[in-house]
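Fold and contact review
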Amino acid sequence: MAKRYAEIGKDCVACGSCIRVCPVHAVTVWRGVTAVVDKVRCVGCGKCAAECPAGAITLQNREELA
Ligand code: SF4
Ligand code: SF4
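Reading the values: the criteria
- Residues numbered from 1 in each chain as written.
- Chains lettered and ligands numbered in written order.
- Predicted model: local features only at pLDDT ≥ 70, side-chain atom pairs only at ≥ 80, totals over all residues.
- Helix = DSSP H or I, 4+ residues; strand = E, 2+ residues; numbered from the N terminus.
- Rg over C-alpha atoms; globule rule 2.2 N^0.38 Å.
- Buried ≥ 20, exposed ≤ 12 C-beta atoms within 10 Å, placed from the backbone.
- Contact = placed C-beta atoms within 7 Å.
- Near = placed C-beta within 6 Å.
- Nonpolar A, V, L, I, M, F, W, Y, C, P; charged D, E, K, R; others polar.

1. Structural notes on the overall build of the protein
The helix and strand inventory of the protein stands at two helices and four strands. Here the protein has a C-alpha radius of gyration of 11 Å; the compact-globule value for 66 residues is 11 Å, and the two agree. Its C-alpha atoms give the protein principal-axis dimensions of roughly 35 × 20 × 20 Å. Considering the protein as a whole, with its 66 residues, one finds that 18% of them fall into the buried category. At a minimum sequence separation of 6, the contacts of the protein that also span at least 24 residues come to 62%.

And the structure:
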């Protein structure tokens, strides 16, 4: 599993740009209000964060699994 995953912050305006650039289709928009990342599917590439006009996406380190 990738070491990082994308997290959507509160500044998301549901523009859909991150959905279009995600290579593994990990992002969906929830009720037209905010984007949501499927953490399991996300490979941490950062393309969504680079594309987000609102600067709402940050990459987080996954917690080490025991
Ligand atoms: S970091 Fe990459 S894989 Fe993860 S949601 Fe963003 S574009 Fe998709
Ligand atoms: S690109 Fe940014 S503002 Fe647009 S839907 Fe994705 S997280 Fe939200």
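2. Overview of the site of ligand 1
Near ligand 1 lie 14 residues; those nearest to it are A6, C22, C42, C45 and C48. In terms of residue class, the shell around ligand 1 is built from 11 nonpolar, two polar and one charged.

3. Side note on the site of ligand 2
Taken together, 14 residues sit near ligand 2, with C12, C15, S17, C18 and C52 positioned nearest. In terms of residue class, the shell around ligand 2 is made up of 11 nonpolar, two polar and one charged.

4. Quick look at unusual backbone geometry
With phi around 55°, A14 is a residue other than glycine that occupies positive phi space. Position of A14 among the secondary structure elements: in the loop between β1 (4-8) and α1 (17-21). For A14, a count of 17 C-beta atoms within 10 Å gives the class partly exposed.

5. Observations regarding the environment of P23
Counting through the fold element by element, P23 comes out in the loop between α1 and β2 (27-30). For P23 and C48, which are 25 residues apart along the polypeptide, the C-alpha to C-alpha distance reads 9.4 Å. When neighbours within four sequence positions are excluded, P23 is seen to be in contact with C45 and K47.

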